[in-house]
Amino acid sequence: MKATVLVRPKPGILDPQGEAVESSLRQLGFAVGDARVGRVVDLEVEASDETAARAEVERMCRQLLANPLIESYEIELR
Amino acid sequence: MSEAGPRIAVLTFPGSNDDRDALHALELLGASGVPVWHAEERLPDIAGVVLPGGFSYGDYLRCGAIARFSPAMKAVAEFAADGGLVLGICNGFQILCEAGLLPGVLRPNESLSFLCRDVVLRVEGAETPFTSACSTGQRLTIPIKHGEGCWFADAELLAELETKRQIVLRYEQNPNGSIDDVAAVCNERGNVMGLMPHPEHAVDPLLGSTDGALILGGLVEAARAASPPVATAAAPL
């Protein structure tokens, strides 16, 4: 089963990378606001079903893929 | 009469680059530096550990996030749990935070710029082994060189650390956006400390300040006190 993990800076956490991207986009003439930069991790998981796969990826997120102090995550399975 | 200094391990991860400077500084301050490769599952017989600066594992994922799974880090965690002295400098601080041995996390500098210059620090807590040679309120000049030194803790954690006196050093002028100007924190027990500035680069007057010798010297003296005495001719008074 394939999994995609989206890791984002939590709301309220300063994201200087997002701010730099936003200001660059503005310089290009795009009317944007509140850009935030996160991370995408694509994985293949061995699991018997979707529930087991989700539980497994949850554990990966908690142990390594995201730092719960500053990041939230979202898991997509297909 | 030459007395062997306390043995202090300096870990080297793939991408560490201040390990030799740390060993040199420790030797200069009277310790016996012991290089330890990150793949070692056991620490040699030592009285302290330094996790040096650098870019372990290329800072992949998050700074320190991969290095904390090194076999040697398991041994460091056990050593720390037994009360062993552990000092993390820069990347070493990042690793200790990711490993959960220290509170908070290090994030990219607010300016997104890599900063390399001397900063002035204020000693907030002189009761840790690492700051025992300093006095509370003392100013230290020690260089920083980091891109991700913006320490973060939420309001609740910050208040708790303040109450428990775990904030050890603060910047006089915040260079990186670190919450509450924090430059160094320790664990509750006080035997593990991490700091972004580099004391190992401030031990020789040739390079400017020697204030780093106060921090590393504190570690050396605490390690000396923790080492079993090598009794050659222990004569009672």
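Scroll up for the structure.
Anyway, here's the lowdown on the structure attached to this text. Because the structure is predicted, anything quoted here is derived from the model rather than measured. (Residues numbered from 1 in each chain as written. Chains lettered and ligands numbered in written order. Predicted model: local features only at pLDDT ≥ 70, side-chain atom pairs only at ≥ 80, totals over all residues.)

Of regular secondary structure, chain A possesses two helices and three strands. Here chain A has a C-alpha radius of gyration of 15 Å; the compact-globule value for 78 residues is 12 Å, and the former is much larger. Per-residue burial over chain A gives 14% buried out of 78 residues. Here the analysis covers contacts within chain A between residues at least 6 apart in sequence; of these, 63% occur between residues at least 24 apart. (Helix = DSSP H or I, 4+ residues; strand = E, 2+ residues; numbered from the N terminus. Rg over C-alpha atoms; globule rule 2.2 N^0.38 Å. Buried ≥ 20, exposed ≤ 12 C-beta atoms within 10 Å, placed from the backbone. Contact = placed C-beta atoms within 7 Å.)

Here we take up unusual backbone geometry. One non-glycine residue, D34 of chain A, lies in positive phi territory at about 55°. You can see D34 of chain A is positioned in the loop between α1 (16-27) and β2 (39-44). Among the residues examined, D34 of chain A registers 8 C-beta atoms within 10 Å and is labelled exposed. Positive phi, close to 60°, is recorded for D59 of chain B, a residue that is not glycine. Within the element layout of this structure, D59 of chain B appears in the loop between β3 (48-51) and α2 (71-81). According to the C-beta neighbour criterion, D59 of chain B is partly exposed, with 18 such atoms within 10 Å.

Here we come to the environment of E41 of chain B. All names here are of chain B. With respect to the helices and strands, E41 occurs in the loop between β2 (32-37) and β3. Looking at E41, the number of C-beta atoms within 10 Å reads 9, which means it is exposed. E41 sits 107 residues away from E148 along the chain, and the two C-alpha atoms are 28 Å apart. Among all residues touching E41, those that are not within four sequence positions of it are P71 and A75.

Residues and elements named next belong to chain A. Here three strands make up an open sheet; going across it, the order is β2-β1-β3 and the pairing antiparallel. Each edge of the sheet is formed by a strand with only one pairing partner; in this case those strands are β2 and β3 (71-77). Pairs of neighbouring strands in the sheet enclose a mean axial angle of 20°, with direction left out of account. In terms of strand pairing, strand β1 (residues 2-9) meets β3 through seven bridges, oriented antiparallel. (Pairing = 2+ DSSP bridges. Axes fitted to C-alpha atoms, helices over the stretch in contact; angles between N-to-C directions.)

Another aspect to go through is the pairing of strand β1 (residues 7-12) of chain B. Residues and elements named next belong to chain B. Burial analysis of β1 places five of its six residues in the buried class, the great majority of the element. Read from β1 through helix α1 (residues 19-28) to β2, the crossover connection turns out right-handed. Alignment of β1 against β3, held across three bridges, turns out to be parallel. Bridge pairing in β3 links V10 to V50. (Right-handed = clockwise from strand over helix to strand, strands pointing away.)

Nothing here speaks to function; it is all geometry.
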